[in-house]
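Commentary on secondary and tertiary structure
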Amino acid sequence: MTTEALFRQDAYLRQCEARITHIDETGIMLDRTVFYPLGGGQAGDAGALILANGSRLAIADTRKSKQEGATPDDAVHVPAEGQGKVLAGLAVGDVVRAEIDWERRFRHMRFHTASHLMYAVLPHPVDGCSITAEYARLDFVTNEPIERETVEAGLAALVAAARPVAIDSISDEEMAARPELVRTMSVKPPVGLGRVRLVRIEGIDLQPCGGTHVGNTSEIGALRVAKIEKKTSRTRRVVLAFA
């Protein structure tokens, strides 16, 4: 059974009721979830599953299932260590309430949207990215120097512009016919479900992305460049943090 990934259309959902469909040594799978699994450069969500008896199972991470036939939406909720007693009380078919760590997720959303703004600020190919609760890291393929002041000023202007962020989609076939939409060299478009999810920042950026984003660039808040470094002869790394 494919997990219904509720966060794909509404990244602001903080909880949902769900039924356990699978339990093994890797974690717990649900028929629907608000938890984003690690992928596309974005860290997996943490939070908790609340059992019918009120017990709370802490979830330390979320990963994509490696079972045969699994889709990109099939998420495995990885329990934190030391919860054997609570885990022993779980069974397939049980109904639980899935709750994400919202503060952590919202930081992911702000950083992820900020990383998309970077494509407008620095129009170079990207060969690697990482979105966490503490920073957003992007590796740009360029020999040109990158100036901290230029990046910070460009981001500040785009955040202040308060541009709406919308979710759209095209077919896998349309995606294959429009390779120019792919902006990253190291992350493949989220294909395999028949439709490819697109993130559109009005007047700024349009690209395939399966991650979670804010609804308006103004929600990102103030940013600063924490680090700029030369990684290779052809790559410059930029690390963003909240100001």
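All residue numbers here refer to positions counted from 1 along the written sequence of the relevant chain. In keeping with the model being predicted, local features are shown solely for residues with a pLDDT of at least 70 and side-chain atom pairs are shown and tallied solely at 80 or more, while totals for entire chains, interfaces and linings include all residues. To get the side-chain values, all heavy atoms of the structure are used, and hydrogens and water are removed first.

As annotated in an unreviewed UniProt entry, the protein chain is Alanine--tRNA ligase from Pandoraea vervacti. The heading Subcellular location (unreviewed entry) in the UniProt record of the protein chain holds the text "Cytoplasm". UniProt positions are given in the numbering used here, feature names are shortened, and annotations may be inferred rather than shown by experiment. A UniProt comment under Cofactor (unreviewed entry) is attached to the protein chain, and it reads "Zn(2+)".

1. Some thoughts on the side chain of Thr132
A run of H or I in DSSP counts as a helix once it spans at least four residues, and a run of E counts as a strand once it spans at least two, with each numbered from the N terminus. Following the sequence through the fold, Thr132 ends up in the loop between β9 (126–131) and β10 (136–141). For the exposure calls, accessible area comes from a 1.4 Å probe over protein chains only, and a residue counts as buried if that area is under 20% of its type's maximum, exposed if over 50%, partly exposed in between. Since its relative accessible area comes to 16%, Thr132 is described here as buried. Contacts: residue pairs with any heavy atoms within 4.5 Å of one another. Each residue touching Thr132, except ones within four places of it in the same chain, is listed here: Ala43, His108 and Phe111.

2. Observations regarding the pairing of strand β6 (residues 56–64)
By this definition, two strands are paired if DSSP reports at least two bridges between them. Bridge count between strand β5 (residues 47–50) and β6: 4 bridges; the pairing is antiparallel. In the sheet register, Leu49 faces β6, and the bridge partner there is Leu57. The hairpin turn running from β5 into β6, its antiparallel successor, is 5 residues long, and Gly54 in that turn takes a positive phi close to 95°.

3. Some remarks on the side chain of His112
Along the polypeptide, His112 turns up in helix α2 (residues 102–121). The buried category is assigned to His112, whose relative accessible area is 3%. Pairing of N or O atoms within 3.5 Å defines a polar contact, subject to two protein rules: one partner must be a possible hydrogen donor and the other a possible acceptor, and residues neighboring in sequence count only if both atoms are side-chain atoms. Within polar-contact distance, the side chain of His112 engages the side chain of Gln42 at 2.7 Å. Contacts of His112, omitting those with residues within four sequence positions, involve Gly40, Gln42, Ile131, Cys209, Gly211, Thr212 and His213.

4. Quick word on the packing of aromatic side chains
Two aromatic rings from Phe, Tyr or Trp, using only the six-membered ring of Trp, form a pair when their centres are within 6.5 Å; if the ring planes differ by under 30 degrees the pair is stacked, by over 60 it is edge-to-face, and anything between is tilted. Inspection of every chain in the model, using the stated rule, returns 4 aromatic pairs. For the pair Phe7 and Tyr36, a centre-to-centre distance of 5.4 Å together with 70° between the ring planes defines the contact as edge-to-face. Of this pair, Phe7 sits in the loop between β1 (4–5) and β2 (15–24) while Tyr36 sits in the loop between β4 (32–33) and β5, placing them 29 residues apart in sequence. Here the aromatic rings of Trp102 and Phe106 are separated by 5.4 Å at their centres, their planes lie at 20°, and the arrangement is stacked. Of this pair, Trp102 and Phe106 are both found in helix α2, 4 residues apart, which corresponds to roughly one turn of the helix.

5. Details of the sheet that holds strand β13 (residues 205–208)
Strand order in the open sheet formed by 3 strands is β11-β12-β13, and the pairing between neighbours is antiparallel. Each end of this open sheet is capped by a strand with a single partner; those strands are β11 (165–171) and β13. Adjacent strand axes in the sheet meet at a mean angle of 25° when their direction is disregarded. By the bridge criterion, 4 bridges tie strand β12 (residues 195–201) to β13 in an arrangement that is antiparallel. Note on β13: the bridge partner recorded for Val199 is Gln207. Axis definition: a line fitted to C-alpha atoms, over the contacting stretch in the case of helices. Angles run 0 to 180 degrees between N-to-C directions.

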